[in-house]
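Residue strings, one per chain:
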Amino acid sequence: MSASPSPSDAPSPSDPTSSSAPLHLAVALDGAGGHPAAWREPGARPEAVFTARYWADAVAEAEAGLLDFVTLDDGLVLQSTSTDGPDGRTDLVRGRLDAVLTAARIAPLTRHIGLIPSVTTTHTEPFHISKAVATLDHVSRGRAGVHVQVSGLSYEERHFGRRAAPLSGAELYEEAADHVEVIRRLWDSWEDDAEIRDVATGRFIDRDKLHYIDFEGRHFSVRGPSIIPRPPQGRPVVSAVGAAADGEAAHRLVALSADIGYVRARDTGEVAAAVAAIRRAREAAGPAEPLHLFGELTVYLDEDGPAATARKERLDALAGHYEDDSEVFTGTPAQLADLLVERRAAGLSGFRLRPGVNAHDLPAVTRGLVPELQRRGLFRTAYEADTLRGLLGLDPHPANRYATPPSAGTAA
Amino acid sequence: MSTKPLKQIHLAAHFPGVNNTTVWGDPAAGSHIDFDSFTHFARTAERAKFDFLFLAEGLRLREQGGRIYDLDVVGRPDTFTVLAALAAVTERLGLTGTINSTFNEPYEVARQFASLDHLSEGRAAWNVVTSWDAFTGENFRRGGFLPREERYSRAREFLSTANELFDSWNGSEIAADAATGTFLRDARAGAFAHRGQHFDIEGHFNVPRSPQGRPVIFQAGDSDEGREFAASGADAIFGRHATLDEGRAFYSDVKRRLASYGRTPDQLKILPAATFVLGDTDAEAHENAHEIRRLQVSGQTAITYLEHVWNRDLSSYDPDGPLPDVDPEVGENTIALGRASVRQFRDPLATAREWRELAEAKNLSIRELVIATTARQTFIGTAATVAESIDSLVQQDAADGFILVPHLTPGGLDVFADTVVPLLQERGVFRSEYEGTTLRDHLGISVPGVDRKAAAS
Ligand SMILES: Cc1cc2nc3c(=O)[nH]c(=O)nc-3n(C[C@H](O)[C@H](O)[C@H](O)COP(=O)(O)O)c2cc1C
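Note that the structure is predicted; figures quoted are calculated from it, not measured. (Residues numbered from 1 in each chain as written. Chains lettered and ligands numbered in written order. Predicted model: local features only at pLDDT ≥ 70, side-chain atom pairs only at ≥ 80, totals over all residues. Heavy atoms only, no water.)

Student: Can you break down the environment of F35 of chain B residue by residue, with the values?
Tutor: With respect to the helices and strands, F35 of chain B occurs in helix 1 (residues 35-47). The class of F35 of chain B is buried, set by a relative accessible area of 4%. A sequence separation of 50 residues divides F35 of chain B from A85 of chain B, and the C-alpha atoms of the two residues are 8.6 Å apart. Excluding residues within four positions of it along the chain, F35 of chain B makes contact with P108, H138 and V139 of chain A together with V82, A85, L86 and V89 of chain B. (Helix = DSSP H or I, 4+ residues; strand = E, 2+ residues; numbered from the N terminus. Buried < 20%, exposed > 50% of the residue type's maximum accessible area, 1.4 Å probe, protein only. Contact = heavy atoms within 4.5 Å.)

This is how it looks when you write it as structure tokens:
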């Protein structure tokens, strides 16, 4: 393999995913925050995490900060610190509402911010997910995405009882890639102008503009077409985590199937290596839409750095031992801005930040970090688009793979 | 005269999704996909103090002769997603979604309904339907289908499994006490284990008990098994018998079945689907209804409808001419796929014979025959006539109320809300204000399972 720099190492300035384009920012929301003891902090409203009001308030705060999108974590098992099953702990937040429904509940209350709920491709039907996300795109007028994740937990499999044994690591990601392929084909299965309401001929739709997707994969097949017209964005945004720890298959899922990949790495060097590997795999597969790679950090922000560290330590003492999936940052918004600038230079176009404590660190992002980045000319001062693809600088309405171009037949 | 108190009527609004009754060519017809349409429709229903909004479901586009059927409204958004979004633009209206028990898994559906019940503060309902066919199955991982005989056995076990999941939290587990660090009072929250013929699952349900405990359960099948299923476990039936005689027969049959499950007649509400056409005079309303029928049944629509019975290509026939003299093609394959209405023609030869006799006797063309034999408008007349008919059907136990399906999306309900509802309110048979906040409150049915007030204290 050649070690020479690939073209993506020197992207054109107009590439929305280049590290010199304006920075993109998202927050990941779950329970009371990224720290297991977050629910015990003042203002955390732990009794409210199963209400719409709680989520509406959090997303309104993120939108006031002009963030690109929020992701809503989800899973099909009770949260646990163990991979063998529920940990039986009663001192941490347990229970979650369905993320797609939560996103839909919030959509009519917001105007600009993107909404990316998590789904577990291992256990859900791509047909159902495709129409749910298309519908989220309709109810939010073009602000929907979906975060795909896999699960190899056998105790999660037992909630479905469908397979004798869970799929193994690489197979899970291959199945997830098939899942993404199916949901995208279903989004494309109606051409944009399929609904014609032609009173003269009595035809409601032009059925020649509806397409069977006829997907055949290793783990399932799906015939199509979708039962819902193409969503406003054409193709809602797909995100996935490309954690090096999850192996080559996870990288491949991000490289080949995602619009946004979250890169989990411990330092700038690791970020650069992961970014290069993912970009190489993307290019090897041929031309594709731009891929955003976002850094991931759990953040504890205070006006002076030691206060943030002390706060995190106090929370750690309450929670007992735990491990954060993402890198952890404690410090001031200005220090975080410095780190984001450094990381970005390693090939990232944005960041997904997980507030350590939603009640404290989410407003610290929107009211501390965002103004700091704006002062440096790195972040928007007003929403420049109404759709998520628009905010991310992606083609606002990608061409439909099934549509016949108007000039068909004239090409040489 | 006895002074039996008047029954209170339950009213609901059916958002007309994929169907053959929406007059989509009307200049006043809007989108059936845009969320604005749903918002308009839901707010009208809530302004009229209706019990709930209802969504039907279909999981594969219908086909005729191997091609996608293109004459009716095609396409509909995802039920759960629309209902969750509607919870943001309404406050009291119940939100009823049709979700199939064959192409889903209990853990997932229970989770979605429990989430919807939380996100709507107690307004969720589930219409459990049982389509089983291989045609629809081609869109799903399991592929294939369920033998027809097993559809209710799976549905029953699906519902009882979902109920086990709903009941796996009793509502008293969450302490959320920051000072002591007790989030859960009970580490067993959500534990379940179900072993049965269709499902063998165990683990922990991860949505805490929702405001209604369980969503309200609807059933929509009409067979003997379907009625038994409803009597055993549903809170309401979405029915199809909206006339006096058929309604009374269905009503008494189903309510009679409740006793063997230890239930009382008021624990199951019978709510047939119903259409309406209003006018300034009864005569004008009938003219309007006739016009609507002509718009609903075009010549082409009539031919394709006839093809459901004849099961062969009839495109060369003139819709304004006589019925075909050839006999229906009887066999396994059917020309129309994905249409519930096709299944009612179990004996096509007999149906064809009957229709020919009717057409000859009344000198009807194909199109006129189809208009004469397909579903008519249920309520036609002035607002006063319609209010009187609805009230009288309910007081005579032909129904407990109706699920109204307007022929225009999304504004078709407005005129009903503005003219008929006030008359029902004047009669004292329909609420002027919501008394409770949950759909169970509106329907007057209690939360099964634990007594939440007792649990909370
Ligand atoms: C009034 C009514 C409405 C129905 N609505 C739906 C629907 O929206 N989606 C669906 O898949 N099936 C629907 N069904 C089909 C039933 O769930 C069931 O599959 C079908 O009626 C066969 O069962 P049965 O033999 O008990 O009638 C409906 C049935 C009736 C009677």
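Having seen the model, we can carry on.
Student: Now, about the nonpolar core: what can you tell me, with residues and values included?
Tutor: Counting 183 residues, the largest nonpolar core has L25 of chain A together with F50, L86, W126, F402 and F416 of chain B as the members making the most contacts within it. Not counting the four nearest positions on each side in its chain, F416 of chain B is found in contact with L11, F50, F276, L278, V386, I390, L404 and V421 of chain B. Listed in part, the 22 residues of the second largest apolar core include W190, I213 and F220 of chain A together with V73 of chain B. (Core = buried A, V, L, I, M, F, W, Y, C linked by side-chain atoms within 4.5 Å.)

Student: Pulling in residues and values, what's your account of the site of the ligand?
Tutor: Residue and element names in this part refer to chain B. Lining the immediate environment of the ligand, one finds 17 residues, of which E57, S131, Y152, A220 and S223 sit closest. Y152 is positioned with one of its side-chain polar atoms (N or O) 2.6 Å from an oxygen atom of the ligand. Contact with the protein chains removes 85% of the 610 Å² of surface that the ligand exposes when unbound. Of all the elements in the fold, those that place two or more residues in the shell around the ligand are helix 5 (151-166) and strand 12 (236-239). (Near = heavy atom within 4 Å. Polar contact = N/O pair within 3.5 Å; in protein donor to acceptor, adjacent residues only side chain to side chain. Areas by Shrake-Rupley, 256 points an atom, 1.4 Å probe, with all protein chains shown as cover.)

Student: Describe the side chain of D91 of chain A, listing the residues and the values that go with them.
Tutor: For D91 of chain A, the location among the structural elements is in the loop between strand 2 (69-72) and helix 2 (99-106). At 3.0 Å, the side chain of D91 of chain A forms a polar contact with the side chain of R89 of chain A. With sequence-adjacent residues up to four places away left out, D91 of chain A is seen in contact with W39, L318 and A319 of chain A together with G181 and F183 of chain B.

Student: Break down the sheet that holds strand 1 (residues 10-14) of chain B for me, citing the residues and quoting the values.
Tutor: Residues and elements named next belong to chain B. Strand order in the closed barrel formed by eight strands is 1-2-5-6-11-12-13-17, with parallel pairing between adjacent strands. Across this sheet, the average inter-strand angle for adjacent strands is 30 degrees, counted without regard to direction. As paired strands, strand 5 (residues 94-100) and strand 6 (residues 124-129) are joined by six bridges and run parallel to one another. The residue bridging I99 from the neighbouring strand is V128, located in strand 6. (Pairing = 2+ DSSP bridges. Axes fitted to C-alpha atoms, helices over the stretch in contact; angles between N-to-C directions.)

Student: Could you give me a rundown of the interface of chain B and chain A, with the residues and numbers involved?
Tutor: Facing the 77 residues of chain B at the interface are 77 residues of chain A. Summing the contributions of chain B and of chain A, the shared interface buries around 6500 Å²; its carbon and sulfur component is 59%. The interface formed by chain B and chain A contains ten salt bridges. When the shortest N-O distance is used, the salt bridge between R67 of chain B and D208 of chain A registers 3.6 Å. Residues belonging to the side of chain B that touches chain A are distributed by class as follows: 38 nonpolar, 20 polar and 19 charged. (Buried area = accessible area lost by both parts, 1.4 Å probe. Salt bridge = Lys/Arg side-chain N within 4 Å of Asp/Glu carboxyl O. Nonpolar A, V, L, I, M, F, W, Y, C, P; charged D, E, K, R; others polar.)

Student: Talk me through the sheet that holds strand 3 (residues 63-64) of chain B; I want residue IDs and the actual numbers.
Tutor: All names here are of chain B. With antiparallel pairing, three strands are arranged side by side in an open sheet as 4-3-15. Across the chains shown, the open sheet's two edge strands, defined by having one partner strand only, are strand 4 (67-68) and strand 15 (336-337). As paired elements, strand 3 and strand 15 share two bridges and run antiparallel to each other. Bridge pairing in strand 15 links Q64 to A336.

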